[in-house]
Amino acid sequence: MADIWSDALQGLQPRLGAQTYDLWLRPIALRQVAGTRLHLTAPNRFMKEWFENHYLGAVLDELKARTAQSYDVEIEVDASETRPAEPTPTKPAAPAILPSRSLEPQLPPQLSGRYRFQNFIQGAANELAASAAWAAAQEPGTRFNPLFIYGGVGLGKTHLLHAIGHHIHATRPDQRIVYQSAERFMNEFIAAVRQNQFDAFRTRYREHCDVLLIDDIQFIAGRDRTMDEFFHVFNALYEAEKQIVVTSDRMPSEMQGMEDRLISRLNWGLVADVKLPDLETRVAILRQKAEVDRIQIDDDVTLHLANIVRSNVRELEGSLVRVSTFAALRRVPISLDFVTEVLGAPAPTAQPPPISIESVQKVVAGHFSVRVADLKGPRRHQGISRPRMIAMYLSRQLTGASFPEIGLRFGGKDHSTVINACKRIASIATDDGELRATVDTLRRQLTTDTTHAPSLLS
Ligand code: ADP
Ligand code: MG
């Protein structure tokens, strides 16, 4: 049976892509079969849930196709894998060499105690980033290396980076964690060069480092010498299988002025984005914040706040703090009217209703007379792959969805497939007027279909 199981997983590999297979399927192990019930284990809760939500159906279908038998499953989290694998280091033979330092590496002082996995609220907008961060924290330096987290300001990138640091420090106290903003990395580098202390700098980043966490890497774009140094740090750590996690305000290929060889390395591992959480997630974040700060606030007021603050999570939290501070000063409860008084009335939504990936698929399938199922399926001949690439391209342009999300909605394809599709269409369209016209027509159809009132800006 174990063979059938791994055959089935492998059978799905061409359809889901090698990366998806490696990240999400391979770690799921078959432990036991009882009749038609399969007992599986996953390395952690996130991987378990991710697998259940995204791939379990496909795996069961594949099994059924292969064995003509329906199975059900039970997935357990394998606790043995969440324990640190390495023994704690033994004392050095000559402690006199290290007089005042304690033996175990210290938690980097920059890590804020407020940013932990326990208080990071997950939703569709940050799920991939959060589960990848969790997995990297559980098994540093193995499958999610490097991990690149990108997204707009105030959406939780720094929070996840700190959370990884805390978790690794707590579970593997022997690991030397280096956390730095890219800006500080650059300043330290320049100072080291000026003061002739480059060796110390190199030792700190290339040798005395088991986990490197770099925040806001976009900062070093265009700074040639710093990029060059980071490139060497990256190579040294990567070769030694040390975990590298990097955040940025945009995806690797969109960082203007970043060296190509660095961009390519940052793309080697997993690239995950964070977006603005949906309404339910924003409500959950507010509830948590209110609880931690002991702010009394009713559910309808929380919902109202979550509805009017749509810029980012930092603003969302900030507005709760502002409202509660004013309320405390005036000694009044936080009511709907009070919120409106403090924050102003919610801006009228001038934006057209959002376009969904489903509507893009429908319109594109209709235009080319193919089925939506074909767009989501694996078939590769041009009559289908061209419309599929166009649908992916328009999904990216019009819906604001991330590459991984688009991949999932196109039958669980890997995000790199989506990135390639977008690049292909953009490049073909530069000299193929016909394609350009088709894409324009489809775009117009999608944007006017869903816009009820004409926008004053267009
Ligand atoms: P970024 O680095 O992306 O600019 P931060 O990580 O600094 O954003 O997040 C801004 C604030 O929002 C922090 O206080 C952080 O704790 C909070 N925050 C962001 N996302 C979440 C989330 N999903 N759950 C809980 N708090 C969040
Ligand atoms: Mg940040």
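Use the structure listed above.
Residues numbered from 1 in each chain as written. Chains lettered and ligands numbered in written order. Predicted model: local features only at pLDDT ≥ 70, side-chain atom pairs only at ≥ 80, totals over all residues. Heavy atoms only, no water.

Looking only at helices and strands, the chain features 20 helices and eight strands. Counting only residues that meet the buried cut, the chain has 46% of its 458 residues in that class. The long-range share in the chain, meaning contacts at least 24 apart out of those at least 6 apart in sequence, stands at 73%. Accessible surface for the chain amounts to roughly 23500 Å². Of this, 50% is attributable to carbon and sulfur atoms. (Helix = DSSP H or I, 4+ residues; strand = E, 2+ residues; numbered from the N terminus. Buried < 20%, exposed > 50% of the residue type's maximum accessible area, 1.4 Å probe, protein only. Contact = heavy atoms within 4.5 Å. Areas by Shrake-Rupley, 256 points an atom, 1.4 Å probe, with all protein chains shown as cover.)

Structurally, the position occupied by aspartate 215 is in strand β6 (residues 211-215). Among buried Asp, Glu, Lys and Arg side chains, aspartate 215 stands out as unpaired, with lysine 157 the closest opposite charge at 6.8 Å. Of the polar contacts made by the side chain of aspartate 215, one reaches the side chain of threonine 158; its length is 2.7 Å. Within the structure, the side chain of aspartate 215 is placed 3.0 Å from the side chain of tyrosine 179, a separation counted as a polar contact. (Lys, Arg positive; Asp, Glu negative; His and termini not counted. Salt bridge = Lys/Arg side-chain N within 4 Å of Asp/Glu carboxyl O. Polar contact = N/O pair within 3.5 Å; in protein donor to acceptor, adjacent residues only side chain to side chain.)

Judged from the five bridges that link them, strand β1 (residues 29-34) and strand β2 (residues 37-42) form a sheet pairing that is antiparallel. By the bridge assignment for β2, valine 33 is matched with leucine 38. Hairpin connection of β1 to β2: two residues between the antiparallel strands, including glycine 35 at a positive phi of 65°. (Pairing = 2+ DSSP bridges.)

Our next topic: the nonpolar core. The biggest cluster of nonpolar side chains holds 72 residues, and the ones touching the most others in it are Trp5, Leu25, Phe51, Leu147, Leu160 and Ile164. The element best represented in this core is helix α5 (residues 127-138), accounting for nine residues. Beyond its immediate sequence surroundings of up to four residues, tryptophan 5 is in contact with Ile28, Ala29, Leu30, Leu38, Leu40, Phe51, Val59 and Leu63. One finds Tyr150, Phe230, Leu394 and Ala421 within the second-largest nonpolar core, a separate group that totals 61 residues. (Core = buried A, V, L, I, M, F, W, Y, C linked by side-chain atoms within 4.5 Å.)

What follows concerns the site of ligand 1. In the vicinity of ligand 1 there are 17 residues, among which Ile121, Gly154, Lys157, Thr158 and His159 approach most closely. Isoleucine 121 is positioned with one of its backbone polar atoms (N or O) 2.7 Å from a nitrogen atom of ligand 1. The side chain of histidine 159 places a nitrogen or oxygen atom 2.7 Å from an oxygen atom of ligand 1. About the coverage of ligand 1: the protein hides 94% of its 560 Å² of free accessible area. Here the residues of the shell around ligand 1 sort into seven nonpolar, seven polar and three charged. Both domain 2 (117-274) and domain 3 (279-343) contribute no fewer than three residues apiece to the shell around ligand 1. (Near = heavy atom within 4 Å. Nonpolar A, V, L, I, M, F, W, Y, C, P; charged D, E, K, R; others polar. Domains from an automatic or database assignment.)

Per the counting criterion, the structure on display carries 21 salt bridges. For aspartate 293, the salt bridge goes to lysine 289, with nearest N and O atoms at 3.3 Å. Looking at aspartate 293, the relative accessible area reads 36%, which means it is partly exposed. When the shortest N-O distance is used, the salt bridge between arginine 379 and aspartate 374 registers 3.6 Å. One continuous salt-bridge network, built from bridges that share partners, spans Lys275, Glu358, Glu405 and Arg409.

Those residues of helix α8 (residues 198-207) not exposed but buried are Phe201, Tyr205 and Arg206. Looking down the long axis of α8, one finds its buried residues gathered within 95° of arc, a one-sided arrangement. Exposed residues lying more than 90 degrees from the buried face of α8 are Asp199 and Ala200. Summarising the contacts, the buried residues of α8 are in contact with β5 (177-181), α7 (182-194), β6 and α9 (224-239). (Arc of directions from axis to C-beta.)

So, on to helix α15 (residues 357-368). A rise of 1.5 Å per residue sets the reference length of α15, with its twelve residues, at 16 Å; its end C-alpha atoms lie 17 Å apart and thus fit the reference within 8%. Taken together, the buried positions of α15 are Ile357, Val360, Gln361, Val363, Val364 and Ala365. A positive backbone phi angle near 50° is found at serine 369, which sits one or two residues after α15. (Expected span 1.5 Å × (residues − 1).)

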